[in-house]
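A look at the structure
Each chain, written out:
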Amino acid sequence: MAGSKNGIVVLGAVFVDIKGFPEDIYIPDGRNAGRVEYIHGGVSRNVVEDIANMELRPTFLGIVDDSALGEAVIRKLKNHKVNTEYMKTIPNGMGTWLAVFDNSGDLAGSISQRPDLMPILSILEEHGDEIIENCDSVILEVDIDKEIVKKVVQLCEKYDKKLYGVVSNMSIAVERRDFLKSFDCFICNQLEAGIFFADDYSEKTPQELCDILTERLKVAKIPSMIVTMGAQGSVYADDQGHRGYCPVQKVTVKDTTGAGDAFCAGAASALTYGKTLAEAVEIGTRLSASVITSSENVCPRFQPEEFGISAER
């Protein structure tokens with residue numbers, strides 16, 4: 001389905017999500033009976049599976065443990081038609097995300113243990129030219145090691161490929177600010193945008209945030225940004241003066257995990273295959289809504305035509 005052999009290339013970490021759900025009202029300082037689930041996660045891993053679930057045949061550049069769990073991650077990605085030929089298997093290649101949810105399905109608290117992602121640099125040094133030359137676009141976790149970001153930026157500029165940034169840890173991503181002028185679009189949430197611009201946007205309305213974003217992009221020389229605002233929807237702006245707001249879809253919330261990743265997958269896929277920023281935000285919103293209604297952290301199967309996307313060249 002993809003226009004190029006590698007489709008959309010996604011780089012980043014694989015995590016194992018350990019998720020706890022209470023049976024009754026969640027008591028923060030109490031002992032809560034409930035259930036615990038182990039799920040394949042990580043922002044980039046989720047994003048690449050969401051793209052695959054839109055039948056867009058992406059490629060994943062990541063690393064997994066040399067364990068049965070690592071084998072299971074690769075097997076699942078392959079089953080979803082993700083190209084895993086460039087992935088590496090090393091000891092302690094995956095991170096862990098421990099999360100507890102309240103009875104409304106909202107995140108009550110979490111702890112994250114990050115893996116060492118530097119082996120991805122060796123993949124890029126060995127195969128980077130063939131990977132990027134034969135892709136449609138690249139999605140990169142901005143908080144990945146600086147050397148990896150630099151290498152990806154260089155390769156995207158060399159082969160004139162669109163580069164989209166997502167984030168899993170904004171406090172680290174802030175350290176990569178200087179690279180974002182080279183990204184075609186940066187996607188984050190309201191809290192992360194505040195950290196990124198060293199301000200507090202928690203009380204801002206969509207209109208206020210849209211105005212702020214328009215001004216901040218000009219000064220920071222970032223081509224475009226999309227900021228998700230939870231139940232308030234999303235805002236977007238670019239350095240050409242285009243800006244706007246997209247409301248959320250009204251759905252029954254079961255589990256919010258992975259909703260932001262699905263949004264990124266939908267928006268970046270749309271931008272890759274010729275949609276406008278406004279259309280991309282709408283597609284991201286629709287994909288995000290499909291994740292919130294289930295306990296899965298990725299979207300169900302769709303055909304790209306359902307979103308008006310054609311990846312044929």
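Right above here is the structure, for reference.
Analysis parameters
Residues numbered from 1 in each chain as written. Predicted model: local features only at pLDDT ≥ 70, side-chain atom pairs only at ≥ 80, totals over all residues. Heavy atoms only, no water. Helix = DSSP H or I, 4+ residues; strand = E, 2+ residues; numbered from the N terminus. Rg over C-alpha atoms; globule rule 2.2 N^0.38 Å. Contact = heavy atoms within 4.5 Å. Areas by Shrake-Rupley, 256 points an atom, 1.4 Å probe, with all protein chains shown as cover. Lys, Arg positive; Asp, Glu negative; His and termini not counted. Charge placed at Lys NZ, Arg CZ, Asp CG, Glu CD. Core = buried A, V, L, I, M, F, W, Y, C linked by side-chain atoms within 4.5 Å. Buried < 20%, exposed > 50% of the residue type's maximum accessible area, 1.4 Å probe, protein only. Salt bridge = Lys/Arg side-chain N within 4 Å of Asp/Glu carboxyl O. Disulfide = S-S within 2.5 Å. Axes fitted to C-alpha atoms, helices over the stretch in contact; angles between N-to-C directions. Parallel < 35°, antiparallel > 145°, perpendicular 65-115°, else oblique. Left-handed = near helix turned anticlockwise from the far one by under 90°. Nonpolar A, V, L, I, M, F, W, Y, C, P; charged D, E, K, R; others polar. Pairing = 2+ DSSP bridges. Expected span 1.5 Å × (residues − 1). Arc of directions from axis to C-beta. Phe/Tyr/Trp six-rings, centres within 6.5 Å; stacked < 30°, edge-to-face > 60°. Polar contact = N/O pair within 3.5 Å; in protein donor to acceptor, adjacent residues only side chain to side chain.

1. Some words on the overall build of the protein
Along the protein, the regular secondary structure elements total nine helices and 14 strands. Against the 2.2 N^0.38 benchmark of 20 Å for 313 residues, the protein shows a C-alpha radius of gyration of 18 Å, consistent with a compact globule. Overall, the C-alpha framework of the protein stretches about 55 × 50 × 40 Å when taken along its three principal axes. Contacts spanning at least 24 positions in sequence make up 69% of the contacts within the protein whose residues lie at least 6 apart. Carbon and sulfur atoms form 48% of the exposed surface of the protein, whose accessible area is close to 13600 Å². Charge separation in the protein, taken as the distance between the mean sites of 32 positive and 47 negative side-chain charges, equals 3 Å.

2. Topic: the nonpolar core
Note that soluble globular proteins tend to have their nonpolar side chains buried in a common cluster. Of all hydrophobic cores here, the largest spans 53 residues; its most connected members are Leu 11, Val 138, Val 152, Phe 183, Phe 186 and Met 225. Those residues in contact with Val 138 that sit more than four places away from it in its chain are Val 9, Leu 11, Ile 132, Val 152, Cys 156, Lys 162, Leu 163 and Tyr 164. Grouped together as the second largest cluster of nonpolar side chains are 46 residues, Val 64, Val 73, Ile 74 and Ala 268 included.

3. Remarks on the pattern of salt bridges
Under the criterion given, the structure shown has 12 salt bridges. The salt bridge partner of Glu 85 is Lys 5, with a shortest N-O separation of 3.0 Å. Taken together, the positions of Glu 85 in the loop between α2 (68-79) and β6 (88-89) and Lys 5 in the segment before β1 (8-11) put the pair 80 residues apart, joining distant regions of the chain. Note on accessibility: Glu 85 and Lys 5 belong to one class, exposed.

4. Let's talk about the state of the cysteines
For the structure shown, the criterion picks out zero disulfides. Of all cysteine sulfurs, the one in Cys 264 lies closest to Cys 185, which takes part in no disulfide; the gap is 9.1 Å. With no disulfide of its own, Cys 210 has Cys 246 as its nearest cysteine by sulfur position, at a separation of 12 Å. Using a relative accessible area of 4% as the deciding quantity, one classes Cys 210 as buried.

5. Regarding the packing of helix α3 (residues 119-133) against helix α4 (residues 146-159)
Close contact between α3 and α4 brings their axes to 10 Å; oriented N to C, the two are set at 15°. Classified by the angle their axes make, α3 and α4 are roughly parallel. As α3 packs across α4, the resulting crossing turns out to be right-handed. Along the contact surface, α3 presents Ile 120, Leu 121, Leu 124, Glu 125, Gly 128, Asp 129, Ile 132 and Glu 133, while α4 presents Glu 147, Ile 148, Lys 151, Val 152, Leu 155, Cys 156, Lys 158 and Tyr 159. Of the residues contributing to the contact of α3 with α4, the split by class is nine nonpolar, one polar and six charged.

6. Some remarks on the sheet that holds strand β2 (residues 15-22)
If you walk across this open sheet you meet the four strands as β3-β2-β7-β8, and the pairing is mixed. At either margin of the open sheet sits one strand with a lone partner, and together these are β3 (34-41) and β8 (107-113). Strand after strand, the sheet turns through a mean of 15° between neighbouring axes, direction not considered. Judged from the eight bridges that link them, β2 and β3 form a sheet pairing that is antiparallel. Within β3, the residue paired with Lys 19 across the bridge is Glu 37.

7. Digging into helix α7 (residues 206-220)
Compared with the 21 Å implied by 1.5 Å per residue over 15 residues, the 20 Å span of α7 between its first and last C-alpha is a close match. Buried residues of α7: Pro 206, Leu 209, Cys 210, Leu 213, Thr 214, Leu 217 and Ala 220, and no others. Taken down its axis, α7 places every buried residue within 150° of arc, on the same side. Buried positions along α7 lie against α6 (190-196), β12 (224-228), β13 (234-238) and β14 (243-246). Following α7 by one or two positions, Lys 221 adopts a phi angle in the positive range, close to 60°.

8. Some words on the packing of aromatic side chains
Per the counting criterion, the structure on display carries five aromatic pairs. A centroid spacing of 5.1 Å and a plane angle of 10° characterise the contact between Phe 21 and Phe 101, whose relative ring orientation is stacked. Here Phe 101 lies in strand β7 (residues 95-101) and Phe 21 lies in strand β2, a separation of 80 residues in the sequence. Side by side, Phe 21 and Phe 101 carry an identical accessibility label, which is buried.

9. Observations regarding the side chain of Ser 137
With respect to the helices and strands, Ser 137 occurs in strand β9 (residues 137-141). Among the residues examined, Ser 137 registers a relative accessible area of 0% and is labelled buried. Within the local environment of Ser 137, its side chain forms a polar contact with the side chain of Thr 272, the two groups lying 2.7 Å apart. Not counting residues up to four positions away in its chain, the partners in contact with Ser 137 are Gly 7, Ile 8, Val 9, Lys 162, Tyr 164 and Thr 272.

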